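# Analysis of the macromolecular model
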Amino acid sequence: MGILYGMVARGQVVLAEFSATQSNASVVAKQILNKINQGTDNYNDSNVSFSHDRYVFHVKRTDGLTVLCMAEEAFGRRLPFSFLEDIHSRFVKTYARAIVSAPAYTMNDEFSRVLSQQMDYYSTDPNADRLNRLKGEMTQVKTVMIDNIEKVLERGGRLEMLVEKTSAMNSNSIRFKSQSRRYKNNMWWMNVRLTVTLIIIFVIVFYIILAFMCHSPLLTSCWR
């Protein structure tokens, strides 16, 4: 587990605390409170860390309210301070002005459960690490963008093929129209030639028939 102890205090007055293990964390935390509240700058905002054996005590002071936690040294600083900022926000939102005059451990029964819950969340839940979560979301977005680009490129290739096919179809259509026009013209000339030929044949046949009839003894008057 990463975060093992949490505390909220006003000055040196502890308002709530929770420990996930049997240790002297509470004693050390109170010593740290005494140390950081010495002097005239008790209400200066600050974020500090103190090493103790294999653990590190992280402290956040804002407007006279101190939020403290103890975490394993290997757990780093980012998540513990995210935890402290979260606890500070929840505590102020829940108790507001009551914080200024509340006696020691007044909020402990209720808020120790919040400390326990958030300690477990920041220690075990991957979503608590906003930086890593953002990196994961960015990776997902990048993957989606790459997939979309590949789809667009694939669609572009298909569109190019469609354009080529459309162009080929247009060429074939133009060629078909040209061939149809040529065939139509050829058929028209063939009809004209056939008609002229039939007329000529008809004239010849008519002339032959007429000549035959004129040479017949019954129609000798044709030559008179």
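First things first, this report covers the structure right here in the doc. Along each chain, the written sequence defines residue order, and numbers are assigned to residues from 1. Only residues with pLDDT of at least 70 get local features here, since the model is predicted, and only at 80 or more are side-chain atom pairs given and counted; chain-wide, interface and lining totals rely on the full set of residues. The side-chain numbers reported here are obtained from all heavy atoms of the structure, hydrogens and water having been left aside.

Our focus in this paragraph is a nonpolar patch on the surface. A cluster of nonpolar residues, Leu194, Leu198, Ile201, Val205, Ile209, Phe212 and Met213, forms a patch on the protein surface that exposes about 690 Å² of accessible area. Each helix corresponds to a stretch of at least 4 residues labelled H or I by DSSP, and each strand to a stretch of at least 2 residues labelled E; elements are numbered beginning at the N terminus. Examined against the element boundaries, leucine 194 turns out to sit in helix α5 (residues 130–215). A residue counts toward a patch only above 30% relative accessible area and without a salt bridge, and it is joined to like-charged neighbours within 9 Å or, for Val, Leu, Ile, Met, Phe, Trp and Tyr, to nonpolar neighbours within 5 Å. Only the protein chains shown count as cover for residues, and all accessible areas are computed by the Shrake-Rupley method using a 1.4 Å probe. Whenever Lys or Arg places a side-chain nitrogen within 4 Å of a carboxyl oxygen from Asp or Glu, that contact is recorded as a salt bridge.

Time to look at the layout of surface pockets. Of the voids in this model, the largest pocket is the one considered here, and its volume is about 160 Å³. Asp63, Gly64, Leu65, Ile99 and Val100 are the residues nearest the centre of the largest pocket, which is lined by 11 residues in total. Those elements that place two or more of their residues in the lining of the largest pocket are α2 (78–95) and α3 (98–101). For this classification, Asp, Glu, Lys and Arg are treated as charged, while Ala, Val, Leu, Ile, Met, Phe, Trp, Tyr, Cys and Pro are nonpolar and the rest, including Gly, are polar. Among the residues making up the lining of the largest pocket, the classes are represented as 6 nonpolar, 3 polar and 2 charged. Residues are called lining when one of their atoms sits within 4 Å of a cavity or pocket point, these points coming from a 1 Å grid over the protein atoms alone, where a cavity is a set in which a 1.4 Å probe fits but cannot get out and a pocket is an open set with protein on both sides within 12 Å along at least five of seven lines. Grid points are joined across faces, edges and corners, and a volume is the space filled by probe spheres set on the points.

In this scheme, a helix's expected span is set at 1.5 Å multiplied by one less than its residue total. End to end, α2 covers 26 Å across 18 residues, agreeing with the expected 26 Å (1.5 Å per residue, within 8%). Those residues of α2 that fall on the buried side of the exposure criterion are Leu79, Pro80, Phe81, Ser82, Phe83, Leu84, Asp86, Ile87, His88, Phe91 and Tyr95. Three exposure classes are used, based on accessible area relative to the maximum for each residue type with a 1.4 Å probe and protein chains only: buried under 20%, partly exposed in between, and exposed over 50%.

Right, let's get into helix α4 (residues 108–124). The terminal C-alpha atoms of α4, which comprises 17 residues, lie 23 Å apart, in line with the 24 Å expected from a rise of 1.5 Å per residue. The complete set of buried residues in α4 reads Asn108, Phe111, Ser112, Leu115, Gln118, Met119, Tyr122 and Ser123. Taken down its axis, α4 places every buried residue within 135 degrees of arc, on the same side. Within α4, the exposed residues directed more than 90 degrees away from the buried face are Asp109, Arg113, Gln117 and Thr124. In the core, the buried residues of α4 are packed alongside β1 (3–10), β2 (13–19) and α2. Of all possible arcs, the one meant is that of the directions from the helix axis to the C-beta atoms. Any two residues whose heavy atoms approach within 4.5 Å are treated as being in contact.

This part takes up the pairing of strand β5 (residues 65–72). Taken residue by residue, a regular strand's side chains alternate between the two faces of the sheet. Counted residue by residue, β5 has 7 buried out of 8 residues, so it is predominantly covered. At least two bridges found by DSSP between two strands is the condition for calling them paired. Sheet topology places β1 next to β5; 7 bridges connect them, and they run antiparallel. Among the inter-strand pairings, tyrosine 5 is bridged to a residue of β5, identified as methionine 70. As paired strands, strand β4 (residues 55–62) and β5 are joined by 8 bridges and run antiparallel to one another. From the neighbouring strand, phenylalanine 57 faces β5, where its bridge partner is methionine 70. Here β4 folds back onto β5 in antiparallel fashion, the turn holding 2 residues, of which aspartate 63 has a positive phi close to 55 degrees.

Applying the stated criterion to the full structure yields 1 salt bridge. With a closest N to O distance of 2.9 Å, arginine 90 and aspartate 86 form a salt bridge. Taken together, the residues arginine 90 and aspartate 86, both in helix α2 and 4 residues apart, mark about one turn of the helix. Judged by its relative accessible area of 37%, arginine 90 is partly exposed.

Read across the open sheet, the 5 strands follow the order β2-β1-β5-β4-β3; overall the sheet is antiparallel. Edge positions in the open sheet fall to β2 and β3 (46–52), since each of these has one partner strand only. Averaged over neighbouring strand pairs, the angle between their axes works out to 15 degrees when direction is ignored. The strands touched by α4 are β1 and β2; relative to β2, the strand with the most contacts, the crossing angle is about 45 degrees. Working convention: axes come from line fits to C-alpha atoms, limited for helices to the stretch in contact. Angles between N-to-C directions cover 0 to 180 degrees.

Another point: the packing of aromatic side chains. A pair of Phe, Tyr and Trp rings is counted when the ring centres sit within 6.5 Å of each other, with Trp represented by its six-membered ring. The angle between the planes then sorts it: under 30 degrees is stacked, over 60 is edge-to-face, the rest tilted. Per the counting criterion, the structure on display carries 7 aromatic pairs. Between tyrosine 121 and tyrosine 122 the ring centres are 5.1 Å apart and the planes differ by 85 degrees, which places this aromatic pair in the edge-to-face class. Taking the relative accessible area as the measure of exposure, tyrosine 121 reaches 30% and is therefore partly exposed. Between tryptophan 188 and tryptophan 189, the aromatic rings sit 4.9 Å apart at their centres with planes inclined by 85 degrees, giving edge-to-face as the arrangement.

The description of two packed helices rests on the angle between their axes and on the distance between the axes. At a minimum axis separation of 10 Å, α2 and α4 run at an interaxial angle of 150 degrees. Judged by the angle between their axes, α2 and α4 are roughly antiparallel. Pair α2 / α4 crosses with right-handed handedness. Residues Leu79, Ser82, Phe83, Asp86, Ile87, Arg90, Phe91 and Tyr95 of α2 form the contact with α4, whose own contacting residues are Glu110, Phe111, Val114, Leu115, Gln118, Met119 and Tyr122. Taken together, the residues of the contact of α2 with α4 sort by class into 10 nonpolar, 2 polar and 3 charged. To sort the angles, those under 35 degrees are grouped as roughly parallel, those over 145 as roughly antiparallel, those from 65 to 115 as roughly perpendicular, and the leftovers as oblique. Here a crossing is taken to be left-handed if its near helix is turned anticlockwise relative to the far helix by less than a right angle, and right-handed if that turn runs clockwise.

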